[in-house]
Amino acid sequence: QDNFDLSKLPADKKSPLVFFCNAGECWKSYKASVVASKAGWTSVHWFRGGFPEWRSSGQKFDIASAQ
């Protein structure tokens, strides 16, 4: 059972949200995107490829700011 702390999301429910994790190994980002959508956020996106796809594309990321 996953728990999601919606209080950590922006108060403005029109703010864009992007959820991602370890692609096929993890479904928590998908579940979080569904929970956020059902709670009223209107610009919710799920990056299916997650970290593995981002890394393989050669793009950089800052792990500290991703938490």
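Values in this document were obtained by computation on a predicted structure and should not be read as measured data. (Residues numbered from 1 in each chain as written. Predicted model: local features only at pLDDT ≥ 70, side-chain atom pairs only at ≥ 80, totals over all residues. Heavy atoms only, no water.)

(A) Quick look at the overall build of the protein chain. A tally of regular secondary structure across the protein chain gives two helices and two strands. Order of helices (α) and strands (β) in the protein chain, N terminus to C terminus: β-α-β-α. Seen through its principal axes, the protein chain has C-alpha atoms that stretch 35 × 25 × 20 Å. Going through the 67 residues of the protein chain one by one, you find that 22% of them count as buried. Across the protein chain, the centroid of the 9 positively charged side chains sits 4 Å from that of the 6 negatively charged ones. (Helix = DSSP H or I, 4+ residues; strand = E, 2+ residues; numbered from the N terminus. Buried < 20%, exposed > 50% of the residue type's maximum accessible area, 1.4 Å probe, protein only. Lys, Arg positive; Asp, Glu negative; His and termini not counted. Charge placed at Lys NZ, Arg CZ, Asp CG, Glu CD.)

(B) Summary view of the nonpolar core. Ranked by size, the top nonpolar core spans seven residues in total: L9, L17, F19, A32, A36, W41 and V44. Listing elements by their share of this core, those giving two or more residues are β1 (17-19) and α1 (28-38). Among all residues touching A32, those that are not within four sequence positions of it are F4 and F19. (Core = buried A, V, L, I, M, F, W, Y, C linked by side-chain atoms within 4.5 Å. Contact = heavy atoms within 4.5 Å.)

(C) Structural detail: the packing of aromatic side chains. Counting across every chain of the model gives five aromatic pairs. A centroid spacing of 5.0 Å and a plane angle of 80 degrees characterise the contact between F20 and F51, whose relative ring orientation is edge-to-face. Of this pair, F20 sits in the loop between β1 and α1 while F51 sits in helix α2 (residues 50-56), and the two are 31 residues apart along the sequence. An angle of 65 degrees between the planes, with centres 5.0 Å apart, marks the rings of Y30 and W46 as edge-to-face. In this pair, Y30 is assigned in helix α1 and W46 in strand β2 (residues 44-46), connecting sequence segments 16 residues apart. On the basis of relative accessible area, Y30 is assigned to the partly exposed category, the value being 37%. Taken together, the ring pairs in this structure connect W27, Y30 and W46 into an aromatic cluster. The ring of W41 has K13 lying over it, and the distance from NZ or CZ to the ring centre is 4.7 Å. (Phe/Tyr/Trp six-rings, centres within 6.5 Å; stacked < 30°, edge-to-face > 60°. Lys NZ or Arg CZ within 6 Å of the ring centre and 35° of its normal.)

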